[in-house]
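Overview (structure and organization)
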Amino acid sequence: FFFQAEDGIRDYKVTGVQTCALPIFGAGAIGGLLAYRLAASGAQLGVVARGAHLQAMRAGGLTLVDAMAGKTLPAIALDASDDPADFGVQDVVFIALKAHAIPAMLPRLAPLLGPETIVVPAINGLPWWYFWRHAEHPDWALQSLDPQARMFADLDTARVIGCVVHAAAEVTAPGVVTHTGGWRFVLGEPSTAAVTPRLARLADAMTRAGFEAQLSKNIRYDVWFKLIGNLSFNPIAALYGKRMNEICASEELCAIIRPMMREAMTVAAKLGIVIGATPDERIDVARKLGSAKISMHQDFEAGRKLELDAIMKAVIEIADRLGVPMPTVHRIDAQITERAMARGLYP
């Protein structure tokens, strides 16, 4: 498997019969969590990384802090490089980068791709592949996600397996990832409801690494279910500096989040995705992440570029095309965009 999160790569035995080459492209928070758990389960993997995080992993391996259990697990040695070409053709490639870093990265995947290589984007927000073979809008390209209209050309979308992450983690020091909540990864084929052999093998590998690998017959539904939470919680967390449990405990903040969710659910329904939950039920799902510091809050504090395009502006672009008003989302988007621009974190 090849993983790209913010650093990663190695070999993994699937069902004890087949060996898969597996790197992780981007072993940051989620990528690091994937890399550590897969390596601990017997995978031989490496990571594509950069900067101090890369140097720390080369020097002392990758350490995982299990915040839920209150313990630090022993460091695991990983092959690490900043050049994907160092690893050769892979069987599976995980992409766990920030959405805005993916367009420039896709051409760099070429040395990793063989005839059967699959690519698993474990990313936040609306994925660039969303309208590939879409029943009603198969030709839609979103300016907010792919302004140069290059992503579909740079990667054959038939390689993609959809992945929706319901886990939370932080890079708390170079070479150290802290897991703060959740184990679930929803996996599904974008073009079929079937559980294909490649999807089953991937789920098996992740299950044996300790993750809850949930197979989906409609991965676009699962994208929207997560996105409705991302679109509402992420900007609020960044604007107010609050962790997930603090937001869920604040009626004032929940009163902002509920209409944002309702507006996003209306857009999803226009695309044929009916979310089977009320805003309060969706907030209850978020509560399961406990005191997690969610991604946009982490990025804002660390001075990293915010994922506003994939999480907010893509949904607004779709709403505008469909004629769906989103007054609350527009207002919060304007606020977080202004705050991010003032700090040089957007665009």
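Look up a bit, the structure's there.
First, a word on scope: everything that follows refers to the structure included in this document. Please read all numbers here as calculations on a predicted model, not as lab measurements.

**Quick notes on the overall build of the protein chain**
Broken down by element type, the protein chain carries twelve helices and twelve strands. Against the 2.2 N^0.38 benchmark of 20 Å for 347 residues, the protein chain shows a C-alpha radius of gyration of 19 Å, consistent with a compact globule. Principal-axis analysis of the C-alpha atoms places the extent of the protein chain at approximately 50 × 45 × 35 Å. Going through the 347 residues of the protein chain one by one, you find that 59% of them count as buried. In the protein chain, of all internal contacts separated by at least 6 residues, the share reaching a separation of at least 24 is 70%. As displayed, the protein chain has an accessible area near 13500 Å², and 51% of this comes from carbon and sulfur atoms. Each charge sign in the protein chain was given a centre, from 34 positive and 35 negative side chains, and these centres are 2 Å apart.

**So, the pattern of salt bridges**
Applying the stated criterion to the full structure yields 13 salt bridges. Glu301 is paired through a salt bridge with Lys293; the nearest N and O atoms lie 2.8 Å apart. A relative accessible area of 47% means that Glu301 is categorised as partly exposed. One network of salt bridges, in which partners are shared, links Lys98, Asp299, Arg304 and Glu307.

**So, the side chain of Thr157**
By secondary structure assignment, the location of Thr157 is in the loop between α4 (151-154) and β10 (162-173). Looking at Thr157, the relative accessible area reads 3%, which means it is buried. The residues touching Thr157, leaving out its near neighbours within four places in the chain, are Trp129, Trp132 and Phe152.

**Things to note about the packing of helix α6 (residues 219-240) against helix α10 (residues 295-302)**
For the pair α6 and α10, interaxial distance at closest approach is 7 Å and the crossing angle is 30°. Here α10 runs roughly parallel to α6, going by the angle between their axes. Note on packing geometry: the crossing formed by α6 with α10 is right-handed. Contacts between α6 and α10 involve Asn234, Pro235, Ala237 and Ala238 from the first element and Ser295, Met296, His297 and Phe300 from the second.

**Points about the nonpolar core**
Among the nonpolar cores identified, the biggest contains 78 residues, and Ile95, Leu109, Leu126, Trp128, Trp224 and Phe233 are the most heavily contacted of them. For this core, the element with the highest residue contribution is α6, accounting for twelve residues. Ignoring any residue separated from it by four or fewer positions in sequence, one finds Phe233 in contact with Met244, Ile247, Cys248, Ile257, Met261, Ile283, Ala286 and Ile294. Among the nonpolar cores identified, the runner-up in size contains 43 residues, and Ala29, Ile118, Ala203 and Ala213 belong to it.

**Description of helix α5 (residues 197-208)**
Its twelve residues place the ends of α5 17 Å apart at the C-alpha level, agreeing with the 16 Å of an ideal helix rising 1.5 Å per residue. Residues of α5 that are buried include every one of Leu199, Leu202, Ala203, Ala205 and Met206, and no others. Seen end-on, α5 carries its buried residues on one side only, within an arc spanning 160°. Looking one or two residues past α5, Gly210 carries a phi angle of roughly 100°, positive in sign.

Calculation criteria
Residues numbered from 1 in each chain as written. Predicted model: local features only at pLDDT ≥ 70, side-chain atom pairs only at ≥ 80, totals over all residues. Heavy atoms only, no water. Helix = DSSP H or I, 4+ residues; strand = E, 2+ residues; numbered from the N terminus. Rg over C-alpha atoms; globule rule 2.2 N^0.38 Å. Buried < 20%, exposed > 50% of the residue type's maximum accessible area, 1.4 Å probe, protein only. Contact = heavy atoms within 4.5 Å. Areas by Shrake-Rupley, 256 points an atom, 1.4 Å probe, with all protein chains shown as cover. Lys, Arg positive; Asp, Glu negative; His and termini not counted. Charge placed at Lys NZ, Arg CZ, Asp CG, Glu CD. Salt bridge = Lys/Arg side-chain N within 4 Å of Asp/Glu carboxyl O. Axes fitted to C-alpha atoms, helices over the stretch in contact; angles between N-to-C directions. Parallel < 35°, antiparallel > 145°, perpendicular 65-115°, else oblique. Left-handed = near helix turned anticlockwise from the far one by under 90°. Core = buried A, V, L, I, M, F, W, Y, C linked by side-chain atoms within 4.5 Å. Expected span 1.5 Å × (residues − 1). Arc of directions from axis to C-beta.

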